[in-house]
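Coordinate analysis (summary)
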Amino acid sequence: MSDIDLYRRTFLKTSLGAAAVAIAPGMLLFDTAHGKPQPASGKVRWGMLIDTTQCKSGCDDCVTACNRENGLSGATSATDSQWIRKIEIKDISSGRELSLPMMCQHCEHPPCVDVCPTTASFKRADGIVLVDKHRCIGCRYCMMACPYKARSFVHEPLHDQNPDVPRGKGTVEACTLCVHRIDQGLQPACAEACPNQAILFGDLNDTDSEISKKIRSVASVQIRANLGLNTGIRYRGL
Amino acid sequence: MKLFASLLLCLCIPAAWAAGTNAPKPDIGKGGQCVEDVQWMRKNHMHLLKHQRDEALRKGARDEKLSLKNCIECHASTRDDSVIARDDSFCVACHRYEAVKIDCFECHSGKRKSAWSQRNAK
Amino acid sequence: MSAYPPMYFKNRLYYVLLAAGGLIALAGLYAVYMMEHHGHIITGMNNQIVWGIPHVFAIFLIVAASGVLNVASIGSVFGKAVYKARAPLAGLLSIAMLAGGLTVLMLDLGRPDRIIIAATNYNITSVFAWNIVLYSGMFTLVAIYLWTMMERRMNPWNKPAGFTVFAWRFILTTGTGLIFAFLTARQAYGSALLPPMFIVLSFAWGLAVFLVAQAALYAWNEKELDPAILQRTKNLLGVFVIGSLYMVTAYHMTNLYFAHLSGFERFILLDGGIYPNLFWWGYFLLGNLLPLALIYWPGPCRAPCVLAASLLVILGAFMLLYVFIIGGQAYPLDIFPGHEVSSSFGDGQIAAYHPSLLEFLLGFGGLAIAFIITITGMRVFNFMPQDKPHIAD
């Protein structure tokens, strides 16, 4: 075997290896894009840190992204579903104004799960609070119990839902933290859409995750922390 | 015994005849077999779907092969991308014949996801 | 059972009443069909006012169903003969109203076709789920209780059965009150005072319903009620009305004392538009002061006067429940205390509620079901109160 042959061999090997390294994540991504057959892990707790100082009043890109992702109409009459909404708040005594997105806070001790008669409201192992529409009978007790008014009731028949996001008349629904995206290894649509990156999504249980580091280093609060629900959504600058 | 056998035979003939004429002829779409054989699936698909829905939704274990979405992907009609749009659509044809109400599509889309994504890409 | 002839209804009157009740029940069924077909969009309920008129009717019927058993309990548990004679009618009314109330509650669900899931997937932390057990237990216990009264061989069991029903009824109304008491975040609810308040309210509402039913049945059967009995039940109603007014006052007084709830109380009692009006004119004046005046005004209060007082108490009950259930949701949820808030989802705004006719049809349908069960029960069974000429307790 000549030197040239040997050289060609190693060259082929390394270039093939490099190609494999380059393609592999894509292949893996393609694989996980279909969702994992393993159940959600209880070691993970998904959460968000919302930086209200970066949230612009009047901007509703997160709301629009949510509506598009989950197939919501975007209409805002009293009977329309709103999974995420922008709230403008103003401190009565100081006059300080803020704008922030409000949605299901994915509590550790969710009142909606406690009150649901049929266990349709439930918390997944990774902390995401969901409605199992196969079990929901539409009693709306969870809507009464939610301290954040995060839930909506589907008041009319729906057609042409997103195949990834089933929704239907007579059942209650709310922010799913884009569970169908999380299971594919993606971020929730609102976090991805925010032009100022005000929504940081990640694993609250992983001490090395960006969100955990941030929560350790900057002041953040839970909304209505006095209720002791330990929400998965935290706010900064409130 | 002979009498019984002949009686059975007599009963079977019209049954077979009826089965041959009225049996539903669903539009199986692209079709193919990825889970179990046809007879098994006819009998047991609901158990699979029900088991799968709890696994996927409540536990987050999404076995792609058994998901409703995956069923629809292959079995939606090649004409209208749906399993429920017409009387002879994949799900409707048999369910109508057996008079069993399908509850899935109150919430789930009956459309093939690829077709839905294409249409809603804009 | 007794020397008296079995109770009779004039055939024609019964069928006329049945037809009238049936027609209203049918109208309720129509409302259910419409709500099923179109969804809740055709009701006045929305994402802010999630429970509306159907729940006012249902909760009235369920609370009164428990309270009406008071009449039976005073007879069976405390051994008063006048009330004992009325226990079968009270039991029947209780079953009838419970059935009517639960029907309304069930048919208002978003997916009533799936009601069986409430039994197959039971959540032990949900007070709604507890109530499913409490309500079905109540049906069974009251039926057994009626049986011990109707069947001579079962008579020895009447007292234990009466006692069980007595206890069960308290727990049941506690459960109904807890539905609201467990709502941690809502200003109007989330108070431990609610279960006892509902229990005392149930006394007044149940007795009022009983007196109305009794008056109607006596009139239709052309019987005369002993004035002495009328006086006793009338006085009892007065005591119950005062008791319930006391509980409602205590509830609002505690709220008024908490600074963070003063805004809500101001809304309900002073400047909330329809709600203070219904509370003061409807509940306080028509539902309490006027019946109390009728009952305690010097001079005799005869049958029509007791009937009027009872009807007013029932009217007041609906007013109070409307203010409590709908007013309680209309006032904005305080997510950011100390802040002015606004959003596309009604944050910081008083929620509007315009009940649709269908909701009323559903509610009256529930009343009609209770009515049909009562008159049919009275026709089939010998439940008409039979008093001895002289009462001696």
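Residues numbered from 1 in each chain as written. Chains lettered and ligands numbered in written order. Predicted model: local features only at pLDDT ≥ 70, side-chain atom pairs only at ≥ 80, totals over all residues. Heavy atoms only, no water.

**Here's the deal with the sheet that holds strand S10 (residues 233-236) of chain A**
All names here are of chain A. As summarised here, the arrangement of the 4 strands in space is S8-S1-S10-S9, forming an open sheet in which the pairing is mixed. On the outer flanks of this sheet lie strand S8 (199-203) and strand S9 (220-221), each paired with one strand and no other. As judged from the 5 bridges shared by strand S1 (residues 46-51) and S8, these two strands associate in the antiparallel manner. Residue pairing in the sheet places Gly-47 in a bridge with Gly-202 of S8. Sheet contacts for helix H7 (residues 210-217): S1, S8, S9 and S10; angle to S8, the most-contacted strand, approximately 110 degrees. (Pairing = 2+ DSSP bridges. Helix = DSSP H or I, 4+ residues; strand = E, 2+ residues; numbered from the N terminus. Contact = heavy atoms within 4.5 Å. Axes fitted to C-alpha atoms, helices over the stretch in contact; angles between N-to-C directions.)

**Some remarks on the pairing of S1(A)**
Residues and elements named next belong to chain A. Of all 6 residues making up S1, 5 are buried, and the element is well covered by its neighbours. Direction of pairing for S1 relative to S10: parallel, over a ladder of 4 bridges. The partner of Met-48 across the bridge, within S10, is Ile-233. (Buried < 20%, exposed > 50% of the residue type's maximum accessible area, 1.4 Å probe, protein only.)

**Some details on the environment of C:Ile41**
Tracing the chain through its elements places C:Ile41 in the loop between helix H1 (11-38) and helix H2 (53-67). Overall, C:Ile41 belongs to the partly exposed group, its relative accessible area being 30%. The spatial distance from the C-alpha of C:Ile41 to the C-alpha of C:Met149 is 47 Å, given a sequence separation of 108 residues. Once residues lying within four places of it in the same chain are set aside, the contact partners of C:Ile41 are A:Thr79, A:His155 and A:Glu156.

**Focus on the nonpolar core**
Counting residues in each nonpolar core, the largest one holds 173 residues, and the members touching the most others are A:Tyr141, A:Tyr148, C:Trp51, C:Phe60, C:Phe180, C:Trp205 and C:Ile325. The dominant element in this core, judged by the number of residues it contributes, is helix H9 (residues 194-220) of chain C, at 18 residues. In this view, C:Ile325 contacts C:Trp51, C:His55, C:Val56, C:Ile59, C:Phe180 and C:Tyr189; residues no more than four positions away in its chain are not counted. One finds C:Ala31, C:Val32, C:Leu107 and C:Leu358 within the second-largest nonpolar core, a separate group that totals 9 residues. (Core = buried A, V, L, I, M, F, W, Y, C linked by side-chain atoms within 4.5 Å.)

**Examining unusual backbone geometry**
Residues other than glycine seldom take positive phi values, yet A:Lys149 does so here, at roughly 50 degrees. Exposure remark for A:Lys149: the relative accessible area of 8% places this residue in the buried category. If you check the backbone angles, B:Asp81 has positive phi at about 60 degrees while not being a glycine. Mapped onto the elements, B:Asp81 comes out in the loop between helix H3 (68-75) and helix H4 (90-98). With a relative accessible area of 24%, B:Asp81 lands in the partly exposed category.

**Quick look at the confidence of the model for chain B**
When pLDDT is averaged along chain B, the result is 85; 82% of the residues meet or exceed 70. The weakest mean pLDDT in chain B belongs to helix H1 (residues 2-22) of chain B at 62; the strongest belongs to H4(B) at 93. (pLDDT = per-residue confidence, 0-100.)

**Details of the interface of chain C and chain A**
Interfaces are often sized by the amount of accessible area the parts lose when they come together. If you look at the interface, chain C gives 52 residues, while chain A gives 53 residues. Together chain C and chain A conceal approximately 4,500 Å² of surface at their shared face, both sides included; 57% is due to carbon and sulfur atoms. Its largest share of buried area at the contact with chain A, chain C owes to C:Asn47, C:Phe336 and C:Phe345, together 14% of the area lost on that side. Summed over the shared surface of chain C and chain A, the number is 2 salt bridges. The partner of A:Arg85 in a salt bridge is C:Asp347, with the nearest N and O atoms 2.5 Å apart. For the pair chain C and chain A, the interface holds 33 residue pairs in polar contact (both at pLDDT 80 or more). Breaking the side of chain C that touches chain A down by element, the ones donating at least two residues are H1, helix H6 (117-120), helix H7 (127-150), helix H8 (158-181) and strand S1 (339-343) of chain C. (Buried area = accessible area lost by both parts, 1.4 Å probe. Salt bridge = Lys/Arg side-chain N within 4 Å of Asp/Glu carboxyl O. Polar contact = N/O pair within 3.5 Å; in protein donor to acceptor, adjacent residues only side chain to side chain.)

**A closer look at the packing of helix H3 (residues 69-76) of chain C against H8(C)**
Residues and elements named next belong to chain C. Following both chains from N to C, one finds H3 and H8 inclined at 140 degrees, their axes separated by 9 Å at the closest point. On the basis of their axis angle, the class for H3 and H8 is oblique. Read as a crossing pair, H3 and H8 show a hand that is left-handed. Between H3 and H8, the contacting residues are Leu-69, Asn-70, Ser-73 and Ser-76 on the first element and Asn-158, Lys-159, Gly-162, Val-165, Phe-166 and Arg-169 on the second. (Parallel < 35°, antiparallel > 145°, perpendicular 65-115°, else oblique. Left-handed = near helix turned anticlockwise from the far one by under 90°.)

**Side note on the state of the cysteines**
Evaluation of the coordinates by the stated rule reveals 1 disulfide over all chains. The partner cysteine of C:Cys301 in its disulfide is C:Cys305, sulfur to sulfur 1.8 Å. Residues C:Cys301 and C:Cys305 are joined through a disulfide that is left-handed, its torsion about the S-S bond being -95 degrees. Judged by its relative accessible area of 1%, C:Cys301 falls in the buried class. C:Cys305 sits in the buried class, given a relative accessible area of 18%. Looking at A:Cys190, it has no disulfide partner, and the nearest cysteine sulfur is the one in A:Cys178, 6.3 Å off. Free of any disulfide, B:Cys74 has its nearest cysteine sulfur in B:Cys34, 5.9 Å distant. Among the residues examined, B:Cys74 registers a relative accessible area of 24% and is labelled partly exposed. (Disulfide = S-S within 2.5 Å.)

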